[in-house]
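Okay, here's what each chain looks like letter by letter:
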There are 2 protein chains.
Amino acid sequence: MINWRTLIHVLSFVVIIVALFMLVPMLVAYLYGEWGCFWDFGITLTGTMVISGLIFLFTRGQGEFRFTTRDGFLLVSLSWIVVSAVGALPFVFSGSIPSYTEAYFETMSGFSTTGASILTAIESQPYSILFWRSLTHWLGGMGIVVLAVAVLPLIGIGGMPLIQAEFPGPRVDKIVPKVRETAKILWMIYLGLTILETGLLLLGGMNLFDSLTHTFGTMATGGFSPRNASVGAYSSPYLQNVITLFMVLAGLNFGLYYILLQRDFKSLWKNSEFKAYLGIFLAASLLIAFNLQNQGVFSGFGKSLRYSGFQVASILTTTGYATDNFDAWPFFSRAVLFTLMFIGGCSGSTGGGIKVIRIISIFKLAFNEMKHLLNPRGVYVIRMNGSPMKKDMIYTIVGFFFLYIFLLLIITLAVAFSGVDLLSSLSTALVTLGNIGPGFGAVGPSLNFHFLHPAIKWLLSLAMMIGRLEVYTVLVILTPTFWKK
Amino acid sequence: MINWRTLIHVLSFVVIIVALFMLVPMLVAYLYGEWGCFWDFGITLTGTMVISGLIFLFTRGQGEFRFTTRDGFLLVSLSWIVVSAVGALPFVFSGSIPSYTEAYFETMSGFSTTGASILTAIESQPYSILFWRSLTHWLGGMGIVVLAVAVLPLIGIGGMPLIQAEFPGPRVDKIVPKVRETAKILWMIYLGLTILETGLLLLGGMNLFDSLTHTFGTMATGGFSPRNASVGAYSSPYLQNVITLFMVLAGLNFGLYYILLQRDFKSLWKNSEFKAYLGIFLAASLLIAFNLQNQGVFSGFGKSLRYSGFQVASILTTTGYATDNFDAWPFFSRAVLFTLMFIGGCSGSTGGGIKVIRIISIFKLAFNEMKHLLNPRGVYVIRMNGSPMKKDMIYTIVGFFFLYIFLLLIITLAVAFSGVDLLSSLSTALVTLGNIGPGFGAVGPSLNFHFLHPAIKWLLSLAMMIGRLEVYTVLVILTPTFWKK
């Protein structure tokens, strides 16, 4: 049975918190004298506070929280749905995005840290609107960091829990204190990196507005930029490299920073996912750099490597920034980026996609299977970071991989049904489910998602959420088992 | 340790058998007065008989066969490699395909029942050459039927053994009598269906040459046609429908015919793979038919359904025949065909691809995982045809699925590296690894594989073999474990 009362209570609290963050774009509107926008945010904020506040008060419970795993799944999914529904309002009120469908798409793209945009002319939008758009990334990333590192591993989703959980069962009430403590540390790290990147961008001559918004997009591996040409608007190698670096940092498991803070460098270097992630980043960057250099896209290997490193970091971590129209790069470079779209960031990062740890796990499984075929009586154990993985976890990972590929094909079919060509359809599915942003063909980095059919925009909003919440979290809700008593 | 002596002994025997089948194109050459070709086949046949015969005699062993699983893997892979090497010679000698690389590609495409062709003008080739080309399909299919139904399940590959094997271990010497008996029944079924289809095509007014070659391509789910326009050269609905029917029949598990011969209709209807396969065929045919009808590609729903049914059967069973240029169909129809390329035929059929049974198994696994997440203490068993599946088998299937997707991306990268666009590269990888034949873009049904770089042709020859031999069979040979004592 679902504890609807508690669920709605917590949900209204989440909405209040997110709505309060609208004070920031209000400040931006005030500073830039965007009075229309100021009031649009103000009305949304006030309305949301009143309604959510009332719901919050009326659903106040009998002292103790009783929360099951089931409630947890619903809460997480509903949070993203409702927060996007509210967050979309200022876009509509201000007239920046008149269609609610498009505003919802854009907001879900923000909170899910995807970065797929329907805006055709970004730079003509008010500052406060663009700021809010980027802030949804940052808030979404904040939610994901905690969810991915502290909550999801407890219920068996999201790869390996890096901070070992010693919790007995799936009841959230017992783990709240621990989650809260972990969350605090993670948020400090998130905030620290945000301040650091903003500072470094400011040092490179980027203005405060662009520094903040680009940092939000980087740290959340989101990809919204306030510039039409994305990060390509800045030709400064320093600025591009800073963003490359922080994209790579944001794609790392945030638990690793925790380990790093404890000066446990040994565990860091023992971490399979960390090593594989860096290895993939370096290998792909070099491959594309050589290709770009050979095909004469850029003059000089240094420049090729800078552009390739940026784009590899952007796609691998599922950020989606671009410094160049990579859809016009040589076919091999595109194919490498396409392949990276199937990988994604590390578990416990703000990055989306299948995630490096899952790829490693299934790789090891497949390799073990080959050994098993040669020696059917041998017993083979899959080891990760030196310790054996539980069979249950491997099954979950494998199920995830299959569902991911399955959803990819289903979404491709739906997009193609609306009259989009095959490569663009596949690419649209990949970049929304994987929370990447721009892709190939009709959704290339110099284009946008505006042209899609409204029904497809709603489907893709769902896809972004499903991808962001590690697939299972949303899909279990759709099973009949979920609703059985 | 590899029993090289025995291995080479059996291998030379396989080569002799296949070479003897060259007597058939020699007969065709005689009938059509193609004397040049007659001697090209004659020389290849004689040369092969002499060399293989000598090797066969010199490697004769000490009475008893000692054959391990390891030897089995090597034998199967080497058979396809060597047989293609020999089978390619008449193409080169006759000047039909002057380049050995292209001849090898074409022959491997034949023996692997792929049907990807490098020929630019098919109808200008000698009859005997085209007959041999189609015969390689039929022989390849014959080998696969036995391999897939009788041999591979014993070593844990290839889905579920339909004819339950009661063999104790992996040593082939103990199972030879049983395999031989099963093989005989399967070949009778294969031969029977071949005669039946040829007869039905003759009845529809197709000439004997075209009837035989098209039947070879159908029964093996190969796809080579002696006509430039593939089956599209025949506008007769009857002929098209006969081929549709037999493609569907060839994509069925041949063990099912065995069951059918025993009048065990109940088991047939209980068979999950059979039902899913028919369901997919019908659903996809209807979806595409509606789409073709709506978009006005054909006039009338009946005609749309005929063309769609044909193409769905052709792609799902990995045959690769075409009655129309499906790469010019509406995007949704193309996306459905693209999705079918990830499925393939039934286990134990001559069809390639991932196979229906694997898709069902992983689907069930993923669904179980969702139940497991909701109730972590529950124990969930995956059932197939009413009985529980062993965990080992599920792991093997899952490893297969991952390796398949992984190889797909690697081959895509390699093809793109040679300067082919992304969709065509992906499509090339899909249709060779999946033994389908024509695909989308540069390898569409109205085009061919001639334009590819020689190195890519060799790679794709390998891909066709890997796909045909259920991935593991070839990949295990490439592991260091295989070569350890």
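Basis of the calculations
Residues numbered from 1 in each chain as written. Chains lettered and ligands numbered in written order. Predicted model: local features only at pLDDT ≥ 70, side-chain atom pairs only at ≥ 80, totals over all residues. Heavy atoms only, no water. Helix = DSSP H or I, 4+ residues; strand = E, 2+ residues; numbered from the N terminus. Rg over C-alpha atoms; globule rule 2.2 N^0.38 Å. Buried < 20%, exposed > 50% of the residue type's maximum accessible area, 1.4 Å probe, protein only. Contact = heavy atoms within 4.5 Å. Areas by Shrake-Rupley, 256 points an atom, 1.4 Å probe, with all protein chains shown as cover. Lys, Arg positive; Asp, Glu negative; His and termini not counted. Charge placed at Lys NZ, Arg CZ, Asp CG, Glu CD. Phe/Tyr/Trp six-rings, centres within 6.5 Å; stacked < 30°, edge-to-face > 60°. Expected span 1.5 Å × (residues − 1). Polar contact = N/O pair within 3.5 Å; in protein donor to acceptor, adjacent residues only side chain to side chain. Buried area = accessible area lost by both parts, 1.4 Å probe. Salt bridge = Lys/Arg side-chain N within 4 Å of Asp/Glu carboxyl O. Nonpolar A, V, L, I, M, F, W, Y, C, P; charged D, E, K, R; others polar. pLDDT = per-residue confidence, 0-100. Least-squares fit on C-alpha atoms with pLDDT ≥ 70 in both. Axes fitted to C-alpha atoms, helices over the stretch in contact; angles between N-to-C directions. Parallel < 35°, antiparallel > 145°, perpendicular 65-115°, else oblique. Left-handed = near helix turned anticlockwise from the far one by under 90°. Patch = residues over 30% accessible without salt bridge, like charges linked within 9 Å, V, L, I, M, F, W, Y side chains within 5 Å.

A. Just the overall build of chain A, in detail. When helices and strands are counted, chain A shows 21 helices and two strands. Against the globule reference of 23 Å for 485 residues, chain A gives a C-alpha radius of gyration of 22 Å, in line with a compact fold. If one aligns the C-alpha atoms of chain A with their principal axes, the spans along those axes are about 70 × 65 × 50 Å. For chain A, buried positions account for 62% of its 485 residues. Nonlocal contacts in chain A, meaning residues at least 24 apart in sequence, comprise 72% of its contacts between residues at least 6 apart. For chain A, the exposed surface amounts to about 18,000 Å²; the carbon and sulfur share of it is 68%. Here chain A contributes 30 positively and 20 negatively charged side chains, and the mean placements of these two sets differ by 11 Å.

B. Region of the structure containing unusual backbone geometry. Its identity as a non-glycine residue notwithstanding, Thr113(A) has a phi of 55 degrees, on the positive side. Take Thr113(A): it is sitting in the loop between helix H6 (100-111) and helix H7 (127-151).

C. A look at the packing of aromatic side chains. Residue and element names in this part refer to chain A. Scanning the entire structure with this criterion turns up 70 aromatic pairs over all chains. For the ring pair tryptophan 138 and phenylalanine 216, a centre distance of 5.6 Å and an interplane angle of 40 degrees mean the geometry is tilted. Of the two residues, tryptophan 138 is situated in helix H7 and phenylalanine 216 in helix H9 (residues 208-219); the sequence distance between them amounts to 78 residues. Judged by its relative accessible area of 7%, tryptophan 138 falls in the buried class. Their ring planes at 70 degrees and their centres at 4.9 Å tell us that phenylalanine 482 and tryptophan 483 sit as a pair that is edge-to-face. The class of phenylalanine 482 is buried, set by a relative accessible area of 1%.

D. Up close: H6(A). Residues and elements named next belong to chain A. End to end, H6 covers 16 Å across 12 residues, agreeing with the expected 16 Å (1.5 Å per residue, within 8%). Taking burial as the measure, the 12 residues of H6 include 11 buried ones, the bulk of the element. If you check the start of H6, you find a side-chain oxygen 3.3 Å away from the backbone N of threonine 101, and it comes from serine 99. Positioned one or two residues after H6, threonine 113 has a phi angle of 55 degrees, which is positive.

E. Main features of the side chain of Gln311(B). Among the structural elements, Gln311(B) can be located in helix H14 (residues 301-316). Excluding residues that lie within four positions of it along the chain, Gln311(B) makes contacts with Tyr321(B), Ala322(B), Thr323(B), Asp324(B), Phe326(B), Trp329(B) and Leu337(B).

F. Inspection of the interface of chain B and chain A at higher detail. Residue-level contacts link 58 residues of chain B with 58 residues of chain A. Taken together, the two surfaces of chain B and chain A that pack against each other cover about 5,500 Å², and 83% of this comes from carbon and sulfur. At the boundary of chain B and chain A, one finds zero salt bridges. Of all the secondary structure elements, the ones that give two or more residues to the side of chain B that touches chain A are helix H4 (69-87), helix H15 (331-340), helix H16 (356-374), helix H17 (391-417), helix H18 (422-433), helix H20 (472-475) and helix H21 (480-483) of chain B. Residue contributions to the side of chain B that touches chain A peak at 16 residues, all from H17(B). Here the residues of the side of chain B that touches chain A sort into 41 nonpolar, nine polar and eight charged.

G. View of the confidence of the model for chain A. All names here are of chain A. Model confidence for chain A is summarised by a mean pLDDT of 90, while 92% of its residues fall at 70 or above. Segment residues 159-175: pLDDT under 50, and 32 contacts once partners within four positions in sequence are set aside and those in other chains are kept. The ipTM, which scores confidence in the relative placement of chains, is 0.90 for this predicted complex, and the corresponding pTM is 0.93.

H. The relation of the copies chain B and chain A, seen in detail. Placing chain B over chain A gives an RMSD of 0.0 Å and needs a rotation angle of 180 degrees, together with 0.0 Å of translation along the axis. In short, the pair behaves as if placed about a two-fold rotation axis. Closest to the rotation axis within chain B is the C-alpha of Leu423(B), separated from it by 3.0 Å. Counting the interface residues of chain B, we find that 100% of their copies in chain A are interface residues as well, pointing to one common contact surface.

I. The arrangement of the packing of helix H13 (residues 272-294) of chain B against H14(B) in detail. Residues and elements named next belong to chain B. Relative to each other, H13 and H14 sit at 135 degrees, their axes nearing to 8 Å. One way to sum up the angle between H13 and H14 is to call them oblique. At the point where H13 passes H14, the crossing takes the right-handed sense. Contacts between H13 and H14 involve Tyr277, Ile280, Phe281, Ala284, Ser285, Leu286, Ile288, Ala289, Phe290, Leu292 and Gln293 from the first element and Phe301, Ser304, Leu305, Ser308, Gly309, Val312, Ala313 and Leu316 from the second. Looking at the contact of H13 with H14 residue by residue, the classes come out as 14 nonpolar, five polar and no charged.

J. Seen up close, the environment of Thr221(B). All names here are of chain B. Checked against the element boundaries, threonine 221 lands in the loop between helix H9 (208-219) and helix H10 (237-250). Here the alpha-carbon distance between threonine 221 and alanine 313, two residues 92 residues apart in the chain, equals 9.8 Å. Among the polar contacts made by the side chain of threonine 221, one reaches the main-chain carbonyl oxygen of threonine 350 at a distance of 2.7 Å.

K. Structural view of the pattern of salt bridges. Using the criterion set out here, one finds 14 salt bridges over all chains in the structure. Across the pair Asp210(A) and Arg227(A) runs a salt bridge whose closest N-O atoms are separated by 3.0 Å. With Asp210(A) in helix H9 and Arg227(A) in the loop between H9 and helix H10 (237-250), this residue pair connects regions lying 17 residues apart in the sequence. Judged by relative accessible area, Asp210(A) falls into the buried class, the value being 5%. For the salt bridge of Glu102(B) with Lys457(B), the shortest nitrogen-to-oxygen distance reads 2.6 Å. Of this pair, Glu102(B) sits in helix H6 (residues 100-111) while Lys457(B) sits in helix H19 (residues 454-468), and the two are 355 residues apart along the sequence.

L. Broad picture of a nonpolar patch on the surface. Residue and element names in this part refer to chain A. A cluster of nonpolar side chains, contributed by Leu27, Tyr30, Leu31, Tyr32, Trp35, Trp39, Ile43, Phe93 and Tyr127, occupies part of the molecular surface with about 1,000 Å² of accessible area. Those elements that provide at least two residues to the nonpolar patch are helix H2 (23-32) and helix H3 (35-58). Ranked by the residues each element gives to the nonpolar patch, the list is headed by H2, at four residues. Structurally, the position occupied by leucine 31 is in helix H2.

M. Main features of helix H13 (residues 272-294) of chain A. Residue and element names in this part refer to chain A. If you check H13, its first and last C-alpha atoms are 33 Å apart, about what 23 residues at 1.5 Å a residue would give, namely 33 Å. The complete set of buried residues in H13 reads Ser272, Glu273, Phe274, Tyr277, Phe281, Ala284, Ser285, Ile288, Ala289, Asn291 and Leu292. Where H13 begins, the capping side chain belongs to asparagine 271, and its oxygen is found 3.3 Å from the backbone nitrogen of glutamate 273.

N. Highlighting the environment of Val356(B). Residue and element names in this part refer to chain B. By the secondary structure assignment, valine 356 is in helix H16. On the accessibility criterion, valine 356 (2% relative accessible area) is buried. Sequence separation of valine 356 and serine 272 is 84 residues, and the distance between their C-alpha atoms is 9.3 Å. Valine 356 has contacts with Glu273, Ala276, Tyr277, Ile280, Ile343, Gly344, Gly345 and Cys346, leaving out every residue within four places of it along the chain.

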